[in-house]
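As a plain string of letters, each chain reads:
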Amino acid sequence: MNNDFVDLRSDTVTKPTPEMREAMAEAEVGDDVYGDDLTVNTLQEKAADMLGKEAALFVPSGTMGNLLAILVHCARGEEVICGDKSHIYVNEAGGMAALGGIFPHPIPNQKDGTLRLEDIRASIQPDDSHRTITRLVCIENTQNMCGGVVLSVDYTQQVGQLAKENGLKFHIDGARIFNAAAALSVDIKELVVPADSVMFCLSKGLVSPVGSMLVGSKDFIARAHRLRKMLGGGMRQVGVIAAAGLVSLEKMTGRLKQDHARAKNLYEALKQIPRLRLAAEPSSNMVYFDLDDSIQLTENQIVAEMKKHGVLVDWSAPRQFRLVTHYWVDDAGVEKTVKAFAKVLA
Ligand SMILES: *Cc1c(COP(=O)(O)O)cnc(C)c1O
C-alpha cells in the first residue's frame, strides 16, 4: 500500500481496511455453488434486509449485477429505457445487446441526473408489430456522469408509479445508492421501495475489495442466480470476499457523509484557484470541473504533474476532471490536493 499518494481517481481505488482483512482471514466458508458458504449467505440476507427486499445475490461486479437484472426482466428483442449518460448504456460494453439481444432506448439525462417523466412516457413503445416491446425502465442513483448527483425519494416514486401504470419493470443502478441515502439523510429502504430490482457496489465508497449485490424478490433472485451461473459467475469459497462486504454494510454505510463533506471542502477550495471552472456544488462524493481555455497544459500533462506532487487524479472528458473522495482521503489529503493544483496551474 502506498500511503504517500492521495488517490482521487475514483472510490474504486479503496483498499480493504485492516478490519476487513482480519474478517477475510477468519471467514467461515463453504462451496457457494452448493449454497454452503455461511458468510455469503449472511451477507445476502443482510443486504436484502437493509434494502427491504426479499432476497439478494452476491455478484463479482456491478456490471454483472446490472446485466443479470436486465436479462431477468427482458427477453430478446425487448427494450430498456435508460439515460443517455447511464452506466448501463455507456460503460458496460453493450452487454445487454451483445449478450442478451436486448435493445437500449436511451433518453436524455437532465443536468440533475433524472430522466424527464414525459420523456419516459413518450418513449414507451405502442403495441405495434413494427416496434420492439418496452419492458424495463432503469435509473441510476447517484448519477455518475451528471456529477454524482442524487435522485430523490419523490422522483424515484414517480418513476416507479409510471412504470407500474405502464406494466414496466423498474431497475435501479444503485452502484452508489448508499451515497444517495446518506446525502438525503433517508433510510435506504425508502429510496428503493418502488424498484423491482437494485444493484449496489460494495467495492466503491463502501471500501470492499470486490463485489456487488443484486437485490429483489425471491423469484427474481432465483432467476438471476441461474443466469449468474450461465455467465460464469458461480463462485466457490467466496466467503473470503463476502466477509469484507459484511464490514462494508456494518461499518461503512454510516460514514459516507464524511466523504461528502470532504468533497464540499475540496470544491470550495478549488473554486479559489483561478482558471478552474467548477461545476455545481457536489451533492455526494464527486467534484467535477473544467479547465479554462487559457490553460496550456493537456489533461495528461496535468495528471503527470499532479502525480509528482503526490496526488493521483484522472480526467473524465476532454478538458474535464472528476475527483472522488472516499475512506482513504482525509482532510490533509484534501489540503495536499488543493496545494498541488494551485502549483501545477500557477
Ligand atoms: C461502477 C459502476 C457500475 C459497475 O460496477 P463495476 O463493479 O465496476 O462493474 C455500474 N453503475 C455505475 C453507476 C457505476 O458507477
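Residues numbered from 1 in each chain as written. Predicted model: local features only at pLDDT ≥ 70, side-chain atom pairs only at ≥ 80, totals over all residues. Heavy atoms only, no water.

**Notes on a nonpolar patch on the surface**
- Residues Tyr89, Val90 and Met145 make up a contiguous nonpolar surface patch of roughly 250 Å² in combined accessible area.
- Along the chain, Met145 turns up in the loop between β5 (133–140) and α7 (153–165).
- Taking the relative accessible area as the measure of exposure, Met145 reaches 40% and is therefore partly exposed. (Patch = residues over 30% accessible without salt bridge, like charges linked within 9 Å, V, L, I, M, F, W, Y side chains within 5 Å. Areas by Shrake-Rupley, 256 points an atom, 1.4 Å probe, with all protein chains shown as cover. Salt bridge = Lys/Arg side-chain N within 4 Å of Asp/Glu carboxyl O. Helix = DSSP H or I, 4+ residues; strand = E, 2+ residues; numbered from the N terminus. Buried < 20%, exposed > 50% of the residue type's maximum accessible area, 1.4 Å probe, protein only.)

**Section: the nonpolar core**
- Counting residues in each nonpolar core, the largest one holds 52 residues, and the members touching the most others are Leu51, Phe58, Ile120, Ile177, Phe178, Phe200 and Met213.
- Non-local contacts of Met213, meaning those with residues more than four positions away in its chain, are made with Leu43, Gln44, Ala47, Ala56, Leu57, Phe58, Val59, Val198, Met199, Phe200 and Leu202. (Core = buried A, V, L, I, M, F, W, Y, C linked by side-chain atoms within 4.5 Å. Contact = heavy atoms within 4.5 Å.)

**A few points about the site of the ligand**
- Within the structure, the ligand sits among 14 residues, and Gly62, Thr63, Asp173, Arg176 and Lys204 are positioned closest to it.
- One nitrogen or oxygen atom from the main chain of Gly62 is found 2.8 Å from an oxygen atom belonging to the ligand.
- Of all the secondary-structure elements, those providing two or more residues to the shell around the ligand are α3 (62–73) and β7 (197–201).
- Looking at the shell around the ligand, the element that brings in the most residues is α3, giving three residues.
- Taken together, the residues of the shell around the ligand break down into three nonpolar, six polar and five charged. (Near = heavy atom within 4 Å. Polar contact = N/O pair within 3.5 Å; in protein donor to acceptor, adjacent residues only side chain to side chain. Nonpolar A, V, L, I, M, F, W, Y, C, P; charged D, E, K, R; others polar.)

**Re the pattern of salt bridges**
- A full pass over the atoms with the stated rule returns 15 salt bridges.
- Taking the shortest distance from any N to any O, the salt bridge between Arg9 and Asp7 comes out at 2.6 Å.
- For Arg9, a relative accessible area of 36% puts it in the partly exposed group.
- A relative accessible area of 14% means that Asp7 is categorised as buried.
- Via salt bridges that share partners, Arg116, Glu118 and Asp119 belong to a single interconnected network.

**Let's talk about the side chain of Arg255**
- Tracing the backbone shows Arg255 in the loop between α11 (239–252) and α12 (256–271).
- Look past the residues within four positions of Arg255 in its chain and what remains in contact with it is Arg262 and Tyr327.

**Observations regarding the domain arrangement of the chain**
- Segmentation of the chain into domains returns domain 1 (16–251) and domain 2 (255–344).
- Buried area between domain 1 and domain 2, summed over both chains or domains, comes out near 1,300 Å², and the portion from carbon and sulfur atoms is 56%.
- On the domain 1 side of the interface with domain 2, the three residues burying the most area are Gly147, Asn179 and Ala182, jointly 29% of the side's total.
- On inspection of domain 1 and its partner domain 2, the count reaches zero salt bridges.
- At the junction of domain 1 and domain 2, the tally comes to five residue pairs in polar contact (both at pLDDT 80 or more).
- Considering each element in turn, the side of domain 1 that touches domain 2 owes the most residues, four residues, to helix α8 (residues 177–184).
- When the residues that make up the side of domain 1 that touches domain 2 are grouped by side-chain class, the tally is ten nonpolar, eight polar and two charged. (Domains from an automatic or database assignment. Buried area = accessible area lost by both parts, 1.4 Å probe.)

**Looking at the state of the cysteines**
- For the coordinates displayed, the defined rule picks out zero disulfides.
- The cysteine Cys74 is free of any disulfide, with Cys138 supplying the nearest cysteine sulfur at 9.9 Å.
- A disulfide-free cysteine, Cys82 has its sulfur positioned 6.7 Å from the sulfur of Cys138, the nearest such atom.
- On the accessibility criterion, Cys82 (0% relative accessible area) is buried. (Disulfide = S-S within 2.5 Å.)

**Some words on the packing of helix α1 (residues 18–26) against α11**
- Between α1 and α11, the shortest axis-to-axis distance is 8 Å and the interhelical angle comes to 140°. Comparing their axes, α11 and α1 come out oblique. Where α1 crosses over α11, the two elements pack in a sense that is right-handed. The segment α1 lies against α11, with Glu19, Met20, Ala23 and Met24 engaging Val240, Ile241, Ala243, Ala244, Val247, Ser248, Lys251 and Met252. (Axes fitted to C-alpha atoms, helices over the stretch in contact; angles between N-to-C directions. Parallel < 35°, antiparallel > 145°, perpendicular 65-115°, else oblique. Left-handed = near helix turned anticlockwise from the far one by under 90°.)

**Here we look at the sheet that holds strand β12 (residues 314–317)**
- Ordered by their spatial adjacency, four strands build an open sheet running β9-β10-β13-β12, and the pairing between neighbours is antiparallel. Two strands lie at the open edges of the sheet, namely β9 (276–278) and β12, each paired on one side alone. Between one strand axis and the next, the sheet turns through 40° on average, direction left out of account.
- The sheet contact formed by β9 and strand β10 (residues 286–291) spans three bridges and is antiparallel. (Pairing = 2+ DSSP bridges.)

**Observations regarding the packing of α8 against α12**
- Put simply, α8 and α12 touch, their axes get as near as 9 Å, and they point 75° apart. It follows from the interaxial angle that α8 and α12 lie roughly perpendicular. Touching Phe178, Asn179, Ala182 and Ala183 of α8 are Leu256, Lys257 and His260, all from α12.

**Focus on the environment of Ile102**
- Tracing the sequence through the fold places Ile102 in the loop between α5 (95–100) and β4 (103–107).
- Ile102 sits in the buried class, given a relative accessible area of 2%.
- Remark: the alpha-carbon pair of Ile102 and Val80, spanning 22 residues in sequence, is separated by 7.4 Å.
- Discounting residues that sit within four places of it in the chain, Ile102 has contacts with Ile70, Leu71, Cys74, Ala75, Glu78, Val80, Met96 and Ala97.

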